[in-house]
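# Close look at the chain arrangement
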Amino acid sequence: MPAVQRINSRNARFQQWESLLTNRNKRTRAREFLVQGVRPISLAVEYGWPIHALIYDGKRNLSKWAEELLRTVRTERISMAPDMLADLGEKNETPPEVIAVVGMPADDLGRIRVDDDFLGVLFDRPTSPGNIGSIIRSADAFGAHGLIVAGHAADVYDSKSVRASTGSLFALPAVRVPSPGEVTGWVDAQRAHGRPIVLVGTDEHGECDVFDFDLTQPTLLLIGNETTGLSSAWRELCDHMVSIPMTGAASSLNAANAATAVLYEAARQRIAAGRRSAVGS
């Protein structure tokens, strides 16, 4: 078992970890980010993400979960003063039991598995990291295979996004791309290999309601920016536009809520199609 290192002062290493919470450039250069909470850390381990260090309060009676984590995960173990641990956990009162320093994967669209039942989400220029995390959580819950975050956007690995995903970030590939070109090249390659992905945008003036559109085919759902919706470049690339029928005074939904509604409908259609197929056979 690796030896325990003790950090009791706000030295350069502590400051580096602290900067990962708020400084995207430093996260990108270090290729790592902080993860808090039992479920997120457990899923990071389960799905094989690289754990660079586990930080904990050496003076605290740890839970069985934390003791097992420290015993079984072969990585650097850091014992830290509780007030410093609380700062890294972004909590003013009770510090987290353990914080994991986790390595980032490459932003490679090849991480997203594409089969005949492919369902993916593209989020165009999101400004809220919380919305990114919420969409990752919904996409994971409703059987999607990956999320693409496109353009000048909030960061997938921002602590607000990581928390909002409640661990689904580690189960669902989330890939950042700078422009439509990377995605269109990837989609064209998938189509050339016999996987005819359909690009479906969401808009209040869509050509049909979402429940009238066939979402059982290989589909990439495009969700627009929280303020301005889909850019003209993405609209032109869409094969179809669908709308979410609404009543009442609201004219639109929050981006994360809209994505969740469409993902639910896609899951509903696919479950129903599977049942019909089972009955028919």
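For the structure, see preceding data.
Residues numbered from 1 in each chain as written. Predicted model: local features only at pLDDT ≥ 70, side-chain atom pairs only at ≥ 80, totals over all residues. Heavy atoms only, no water.

## Concerning the sheet that holds strand S6 (residues 119-124)
Working definition: the strands of a sheet are paired by backbone hydrogen bonds and lie parallel or antiparallel to each other. Condition: Strands were regarded as paired on the criterion that DSSP finds at least two bridges between them. A helix here means a DSSP run of H or I that spans at least four residues, while a strand means a run of E at least two residues long, and both kinds are numbered starting from the N terminus. Note on contacts: a residue pair qualifies if any of its non-hydrogen atoms lie within 4.5 Å across the two residues. Angles shown run from 0 to 180 degrees and are taken between the N-to-C directions of axes, each axis being a line fitted to C-alpha atoms and, for helices, limited to the stretch in contact.
One open sheet accounts for seven strands, arranged S8-S7-S6-S11-S9-S12-S10; its pairing is parallel. In the strand order of this sheet, the two ends are held by strand S8 (174-177) and strand S10 (208-209), each with one partner. In terms of strand pairing, S6 meets strand S11 (residues 219-223) through five bridges, oriented parallel. In the strand pairing of S11, Leu122 is matched with Leu222. Contacts between helix H6 (residues 129-141) and the sheet are confined to S6, strand S7 (146-150) and S8, with S6 contributing the most and set at about 170 degrees to the helix. The strands touched by helix H8 (residues 180-192) are S6, S7, S8, strand S9 (198-202) and S11; relative to S9, the strand with the most contacts, the crossing angle is about 140 degrees.

## With respect to the packing of aromatic side chains
Formally: A pair of aromatic rings is counted whenever rings of Phe, Tyr or Trp (Trp by its six-membered ring) have centres within 6.5 Å, and the orientation is called stacked for planes under 30 degrees apart, edge-to-face for over 60 and tilted otherwise. Exposure classes here rest on a 1.4 Å probe applied to the protein chains alone. A residue is buried below 20% of its type maximum, exposed above 50%, and partly exposed in between.
Within this structure, the stated rule accounts for six aromatic pairs. For the ring pair Phe33 and Trp49, a centre distance of 6.3 Å and an interplane angle of 85 degrees mean the geometry is edge-to-face. Note that Phe33 is positioned in strand S2 (residues 32-36) and Trp49 in the loop between helix H3 (38-46) and strand S3 (51-56), a separation of 16 residues in sequence. With relative accessibility at 0%, the residue Phe33 sits in the buried group. For the pair Trp49 and Phe170, a centre-to-centre distance of 4.9 Å together with 90 degrees between the ring planes defines the contact as edge-to-face. With a gap of 121 residues between them, Trp49 in the loop between H3 and S3 and Phe170 in the loop between helix H7 (159-164) and S8 connect regions that are remote in the sequence. Classification of Trp49 as buried rests on a relative accessible area of 11%. For Phe170, a relative accessible area of 3% gives the class buried. Every member of this aromatic cluster is reached through a ring pair, and the members are Phe33, Trp49, Tyr157 and Phe170.

## Quick notes on the nonpolar core
The line we're drawing: In plain words, nonpolar cores are sets of buried Ala, Val, Leu, Ile, Met, Phe, Trp, Tyr and Cys residues tied together by side-chain atoms within 4.5 Å.
Among the nonpolar cores identified, the biggest contains 52 residues, and Phe33, Leu147, Leu169 and Phe170 are the most heavily contacted of them. Of the residues forming this core, the biggest block, six residues, is contributed by helix H10 (residues 255-280). In this structure Phe170 touches Phe33, Val35, Pro40, Leu43, Ala44, Tyr47, Trp49 and Val102, once residues within four positions along its chain are discounted. Counting residues in each nonpolar core, the second largest holds 20 residues, with Leu109, Val114, Trp234 and Met241 among its members.

## Some remarks on the pattern of salt bridges
Pairing between side chains of opposite charge can happen when their charged atoms approach one another. We apply this condition: Salt bridges are defined by distance alone: a side-chain nitrogen of Lys or Arg within 4 Å of a carboxyl oxygen of Asp or Glu.
One pass over the full model with this rule turns up 14 salt bridges. One salt bridge connects Arg176 with Asp107, and the closest N-O pair in it is separated by 2.9 Å. One end of the pair, Arg176, is in strand S8; the other, Asp107, is in the loop between strand S5 (98-103) and S6, with 69 residues separating them in the sequence. In this structure Asp107 comes out as partly exposed when scored by relative accessible area, which is 33%. The closest approach of N and O atoms between Asp203 and Arg235, which form a salt bridge, is 2.7 Å. Taken as a pair, Asp203 in the loop between S9 and S10 and Arg235 in helix H9 (residues 232-237) lie far apart in primary sequence, 32 residues in all. By relative accessible area, Arg235 is classed as partly exposed at 34%.

## What about the sheet that holds S5?
In space, the five strands of this open sheet follow the order S1-S4-S3-S5-S2, with mixed pairing throughout. The open sheet has two free edges, formed respectively by strand S1 (4-7) and S2, since each of these has just one partner strand. Within the sheet, the average angular offset between the axes of one strand and its neighbour, ignoring direction, is 25 degrees. Taken together, the five bridges between S2 and S5 define a ladder with antiparallel strand orientation.

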